[in-house]
Amino acid sequence: MAKSFYEILGVSKDASDDELKKQYRTLAKKYHPDLNPGNEDAAKKFKEINEAYDTLSDVDKRRAYDNPSPFGNFGGGGSGFDFGNFSSTGGFGSSFFDDFVNIFNGGASGGSGGGDIQMTVSLSFEEAAFGVTKDVSVTRYESCNPCNGTGAKNGTAFTKCSTCGGSGSMRMAQDTPFGRIVQQRPCNSCNGTGKIIKEKCTACNGKQSIRKTVNLSVVFPAGVEQGQAMTVQGEGDRVGKRSGNLILIINVSPHKIFKRKGLDLHATLTIPFGQALIGGKILVPTLRDKKTITLAECTQTNTTFRVRGEGIESKRNKGDLLFTVEIELPDKLNKEQRKLVEELNRSFKPEQFSKSKEFLKNS
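All residue numbers here refer to positions counted from 1 along the written sequence of the relevant chain. Totals for whole chains, interfaces and linings use every residue, but because this is a predicted model, local features are given only for residues with pLDDT of at least 70 and side-chain atom pairs only at 80 or more, for both listing and counting. The basis for the side-chain values is all heavy atoms of the structure; hydrogens and waters are excluded.

Okay, the overall build of the protein chain next. Counting its regular elements, the protein chain contains nine helices and 17 strands. Burial classes follow relative accessibility: with a 1.4 Å probe on protein chains only, a residue under 20% of its type's maximum area counts as buried, one over 50% as exposed, and anything between as partly exposed. For the protein chain, buried positions account for 31% of its 363 residues. Every residue pair with non-hydrogen atoms within 4.5 Å of one another is taken to be in contact. Taking all contacts inside the protein chain whose residues are at least 6 apart in sequence as the whole, residues at least 24 apart take part in 62%. Put simply, DSSP marks the helices as runs of H or I at least four residues long and the strands as runs of E at least two long, and each gets a number from the N terminus on.

The end-to-end C-alpha separation of helix α8 (residues 335-347) is 19 Å, in line with the 18 Å expected for 13 residues at 1.5 Å each. Judged by how many residues are buried, α8 sits mostly at the surface: zero of 13 residues are covered. Two or three places before Glu336, at the opening of α8, Asn334 has a side-chain oxygen 3.2 Å from that residue's backbone nitrogen. Expected helix span is given by 1.5 Å per residue-to-residue step, counting one fewer step than there are residues. Whenever a nitrogen or oxygen atom comes within 3.5 Å of another N or O atom, the pair is scored as a polar contact, on the condition that within protein one atom can donate a hydrogen and the other can accept it, and that pairs from neighbouring residues in sequence are kept only if both atoms are in side chains.

Here we take up the nonpolar core. Residues Val218, Phe220, Leu248, Phe258 and Phe323 are the most contacted members of the largest nonpolar core, which totals 36 residues. Apart from the residues lying within four places of it in its own chain, the contact partners of Val218 are Val132, Thr133, Lys134, Val136, Met230, Val232 and Leu248. Within the second largest apolar cluster, 19 residues are counted, among which are Val11, Ala15, Tyr24 and Tyr53. Remark: nonpolar core denotes a set of buried residues (Ala, Val, Leu, Ile, Met, Phe, Trp, Tyr, Cys) joined through side-chain atoms within 4.5 Å.

Moving on, we come to the pattern of salt bridges. Only one rule defines a salt bridge in this text: a Lys or Arg side-chain nitrogen within 4 Å of an Asp or Glu carboxyl oxygen. Evaluated as defined, the whole model comprises 16 salt bridges. With a closest N to O distance of 3.6 Å, Lys134 and Glu127 form a salt bridge. Classification of Lys134 by relative accessible area gives partly exposed; the value is 24%. Close ionic contact of Arg238 with Glu235 constitutes a salt bridge, the shortest N to O distance being 3.9 Å. Given the relative accessible area of 33%, Arg238 is considered partly exposed. Exposure remark for Glu235: the relative accessible area of 19% places this residue in the buried category. Here the salt bridges share partners, and the residues they tie into one network are Arg140, Glu142, Lys212, Glu235 and Arg238.

Attention now goes to the packing of helix α2 (residues 17-31) against helix α3 (residues 40-56). For any two helices packed against each other, the geometry is given by the interaxial angle and the distance between the axes. To get an axis, a line is fitted to the C-alpha atoms, and for a helix only the part in contact is used. The angle between two axes follows their N-to-C directions and goes from 0 to 180 degrees. At their nearest, the axes of α2 and α3 sit 9 Å apart, and the two run at 165° to each other. Relative to α3, α2 is oriented roughly antiparallel. At the point where α2 passes α3, the crossing takes the left-handed sense. Contacts between α2 and α3 involve Leu20, Lys21, Tyr24, Leu27, Ala28 and Tyr31 from the former and Ala42, Lys45, Phe46, Ile49, Asn50, Tyr53 and Leu56 from the latter. Reported orientations rely on four angle classes, namely roughly parallel under 35 degrees, roughly antiparallel over 145, roughly perpendicular from 65 to 115, and oblique for the rest. Two helices cross in a left-handed way if the nearer one is turned anticlockwise from the farther one by less than a right angle. They cross in a right-handed way if the turn is clockwise.

Further remarks concern the state of the cysteines. Think of a disulfide as a covalent bridge from one cysteine sulfur atom to another cysteine sulfur atom. Throughout, disulfides are identified as pairs of cysteine sulfur atoms within 2.5 Å of each other. Applying the stated criterion to the full structure yields zero disulfides. Lacking any disulfide linkage, Cys161 is separated from the closest cysteine sulfur, that of Cys164, by 3.7 Å. Unpaired in terms of disulfides, Cys187 finds its nearest cysteine sulfur in Cys190, a separation of 3.8 Å.

What follows is about the sheet that holds strand β8 (residues 229-232). Picture the strands of a sheet paired through backbone hydrogen bonds; they go either parallel or antiparallel. Two strands form a pair only when DSSP identifies at least two bridges running between them. With mixed pairing, three strands are arranged side by side in an open sheet as β1-β11-β8. Edge strands, defined here as strands with exactly one partner in the open sheet, are β1 (117-123) and β8. Strand-to-strand twist across the sheet, computed as the mean angle between neighbouring axes with direction ignored, equals 30°. Both β1 and strand β11 (residues 246-252) contribute to a ladder of seven bridges, which runs parallel. Residue pairing in the sheet places Leu123 in a bridge with Val252 of β11.

At a minimum axis distance of 6 Å, the contact between α3 and helix α4 (residues 59-66) shows a crossing angle of 100°. Taken together, the axis directions place α3 and α4 in an arrangement best described as roughly perpendicular. Contacts from Asp54, Thr55 and Leu56 of α3 reach α4 at Lys61, Arg62 and Tyr65. Residues are grouped as follows: Ala, Val, Leu, Ile, Met, Phe, Trp, Tyr, Cys and Pro are nonpolar; Asp, Glu, Lys and Arg are charged; every other residue, Gly included, is polar. A per-class count over the contact of α3 with α4 returns two nonpolar, one polar and three charged.

Moving on, we come to the packing of aromatic side chains. Classification of ring pairs uses Phe, Tyr and Trp, with its six-membered ring standing for Trp, and accepts pairs whose centres are within 6.5 Å; under 30 degrees between planes counts as stacked, over 60 as edge-to-face, and the remaining range as tilted. Within the structure shown, the criterion is met by four aromatic pairs. Relative to Tyr53, the ring of Tyr24 lies with its centre 4.2 Å away and its plane at 10°, an arrangement referred to as stacked. With a gap of 29 residues between them, Tyr24 in helix α2 and Tyr53 in helix α3 connect regions that are remote in the sequence. The two residues Tyr24 and Tyr53 agree in class, both being buried. By the ring-pair criterion, three or more aromatic residues cluster together here, those being Phe5, Tyr6 and Tyr65.

Function-wise, these values are silent; they only describe arrangement.
Written out as structure tokens, the structure is:
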């Protein structure tokens, strides 16, 4: 049996808008096709997630989805009637199925309305860390201006549909195994517009909308992450009375030095072996500038230094910068250097090397 939209998103039926949005972003990031190339299951899951969120994030759609049917539980309870066994070749047939489902989705499908647009935006590592305002080029459908979205020349070359009286819909009765059902469907004569076009608009060819590319100035807050979905309200397709949303999936370019884990930054700090032996102050890079840290004498490989407050900064928290030490030996020695190292090596006592001592003891 198909899951309800609440089950698909993994939230309760009384989930708040913020809870829905947070869970949607988490799942969209996990299953986005760009992050799961060639994974059909992830693509299918991503489609389900978007469908569920599109319904539950809209007040009217969610109310219609939650309202129980007078013929049983066909709404969002997740345990309603299973239409999966009724196809166009058996059972009630596809036309009955389509009409019946439309009753509980606020009327038949069709009509004008804005749709969501999803696209990927690339940010540099620094832009994602510090935040940035960028121009984003979006190609979307917008109502045709020359005809005011009517599809008719000059916005006036149309008449009111005589079949539906200009309402765009017709009330129809249909006998079903559940009884007689009266429903509203788009008018066949005018395709639900309520208008009969006498002469088409030359700009949109009567389609009421045109594709247009616009540049939007979008603010990306500090701390956005790879794969995060960011919604820009009302900047999707803008057709009819409603506007869809623009959903931006963020792609962050890798940094040459740093790797991000949450709000913390991690890097490998390569130190010449002589510096590791004697310790002292050294200058290390941060995402913003450079900082001085102090190495202890005889610093070991895999020692971690934490520079507080030099990680990613969000609205509420600030991460740290962590360096893990890697000691580098020279590629080769000249005669004088070799002599000095041999002399130094002879001066060492076995007890100065705790790991070697432990290894020899257990071997």
